[in-house]
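# Structure assessment
Read off the chains here:
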Amino acid sequence: MKRRIAVLPGDGVGAEVVAGPVELLEVIAAAGRIELTGPWPVGASAFGALGTGLPEPTLAACDDSDAMFFGAAGEHPGVSLDAYRPEHSIIGLRQRYDLRVSIRNIVRPGGGRASGSRVRAGEGRGRPLIVLRNLLGGAYGAASTRTESDGSGPACDEVILTPDQITELAEMACDLVEQGLASQIVSADKANLMATSRLWRSITGQVAESRGVPLRHTYVDRMAFELAHDDVTADTVVLTEGIFGDMLSDLAAGRAGSIALCGSASVNPGRPVRGNCVGLFEPVHGSAPRHTGTGKVNPSGAYLALAALLEWFEETAELGRPVTEALSESLQAGPLTYDLAAQGAETVGTESFAAAVNARALPRLKRLL
Ligand code: IPM
Ligand code: MN
């Protein structure tokens, strides 16, 4: 089956960071391996132009695609946050396609360790660290789980997790280990406080045991320490509840050196619920309004998202590795974008860095097309 990908650059730097990866998608499409549509408007910029963050033609194009390649959602000049909250586009797409699981890949430039690391040299080298979490349910409940307050009474957010939701996530973490993408699972919870975490701990433990996959339980605060202290090897899947994973993935990216070193996949691991769409692939960072138009931001997260997209579908899975390899080599060889360059070192802009990645990726891709 030929997979169809809809490109949604979104707000701010979105269009800048997806440009390089889209060139690779165009080459793959020209070889007849995928179909590519777009760019489709989405987010605050779409709201400014069309009065809605999720215009009908965009939704129709996404329904008609297997996956969305997304740039960023954020603020847009002339659109007030009171009129439109940028996260509505992402949350709306997650709900529309039941994208209930988030898989995040965090790479380390050079694959190495930060100073002070307790990770032995070479351990997990070149592999991304994976954070796997629920995106719907748990702290990411529907509107009905939220009670707003006008300031006089309490506000409430209910956290509800079902055994099925936890089982699905734990099985997926085991799959990642079986596929050789990691060699162990570390499950982070707050079982010393929360009922949902105690259920989490019991089910994740049972699933891992029945699958014969090594799993260590840890408290989420301890996990934050270990990530910040660089004690977690990159051969690990961090398996955790949605809100914990939201924070831990940013923490891991911070430790790696930049928020741009994290790619994000929101997926429905089951049957599509509307049209064919089963995934939203994006860099984890936002629209970076301060940097929009400067051409300086690091497009690495968009490359990681592209690799994750290609790897998600059997038909294109082999095309993911050339992208990650090209990215890793470019991060290792430099020159780097401003966020990663050492003080006083030469820096490059988005386009030049993307050109370097593509120059490394294209010959490898072409051998497989
Ligand atoms: C992310 C974002 C979202 C999340 C927000 C926009 C709801 O922080 O994708 O990490 O919490 O999942
Ligand atoms: Mn986040």
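This text follows the structure it describes.
Attention in this report is confined to the structure presented alongside it.

## Some details on the side chain of Asp235
- Tracing the sequence through the fold places Asp235 in the loop between α7 (220-228) and β10 (236-240).
- Here the side chain of Asp235 touches Ser183 through a polar contact of 2.5 Å, side chain to side chain.
- A distance of 2.3 Å separates the side chain of Asp235 from the side chain of Thr233, its partner in a polar contact.

## Some details on the side chain of Asp66
- When you line up the elements, Asp66 lands in the loop between α3 (56-63) and β3 (67-72).
- When its relative accessible area of 6% is taken as the criterion, Asp66 is described as buried.
- Sequence-distant contacts of Asp66, defined by excluding residues within four places in its chain, comprise Lys2, Arg3, Arg4, Asn276, Cys277, Val278, Gly279 and Phe313.

## Notes on the environment of Ala256
- Tracing the backbone through its elements, the reader meets Ala256 in helix α8 (residues 242-256).
- Judged by relative accessible area, which is 10%, Ala256 ranks as buried.
- With 147 residues separating them in the primary sequence, Ala256 and Pro109 have C-alpha atoms 7.3 Å apart.
- In contact with Ala256, not counting residues within four places along its chain, are Ile106, Val107, Arg108, Pro109 and Leu261.

## Points about the site of ligand 1
- Surveying the vicinity of ligand 1 reveals the residues Glu87, Ile91, Arg94, Arg104, Arg133, Tyr140 and Asp246.
- Within the contact set of ligand 1, an oxygen atom lies 3.0 Å away from a side-chain nitrogen or oxygen of Arg94.
- Taking Asp246, its side chain carries an N or O atom lying 2.8 Å from an oxygen atom of ligand 1.
- Coverage of ligand 1 by the protein amounts to 73% of the 320 Å² it exposes when considered alone.
- It is helix α4 (residues 87-96) that contributes the most residues to the shell around ligand 1, 3 residues altogether.
- In terms of residue class, the shell around ligand 1 is built from 2 nonpolar, no polar and 5 charged.
- Structurally, the shell around ligand 1 is a two-domain feature, drawing no fewer than three residues from each of domain 1 (1-103 + 263-369) and domain 2 (110-145 + 156-256).

Cut-offs used in this document
- Residue numbers restart at each chain and count upward from 1, following the sequence in its written direction.
- The lettering of chains begins at A and the numbering of ligands begins at 1, in the order of writing.
- The model is predicted, so local features are restricted to residues of pLDDT at least 70 and side-chain atom pairs to those at 80 or more, both for listing and for counting; the totals for chains, interfaces and linings are taken over all residues.
- Values shown for side chains rest on all heavy atoms present in the structure; no hydrogens or waters enter the calculation.
- In DSSP terms, a helix is any run of H or I states spanning at least four residues, a strand is any run of E spanning at least two, and both are numbered starting from the N terminus.
- Identification of polar contacts relies on pairs of N or O atoms within 3.5 Å, with a donor-acceptor requirement for protein atoms, meaning one able to donate a hydrogen and the other able to accept it, and with residues adjacent in sequence counted only if both atoms are side-chain atoms.
- Burial classes: relative accessible area under 20% of the type maximum marks a residue as buried, over 50% as exposed, and values in between as partly exposed (1.4 Å probe, protein chains only).
- Should any heavy atoms of two residues lie within 4.5 Å, those residues are considered in contact.
- Proximity is defined per residue: any heavy atom of the residue falling within 4 Å of a molecule or strand makes that residue near it.
- The protein chains shown are the only cover counted for residues, whose accessible areas, like all others here, come from Shrake-Rupley with a 1.4 Å probe.
- Under the grouping applied here, Gly and all other residues not named as nonpolar or charged are polar, the nonpolar ones being Ala, Val, Leu, Ile, Met, Phe, Trp, Tyr, Cys and Pro and the charged ones Asp, Glu, Lys and Arg.
- Delimitation of the domains relies on an automatic or database domain assignment.

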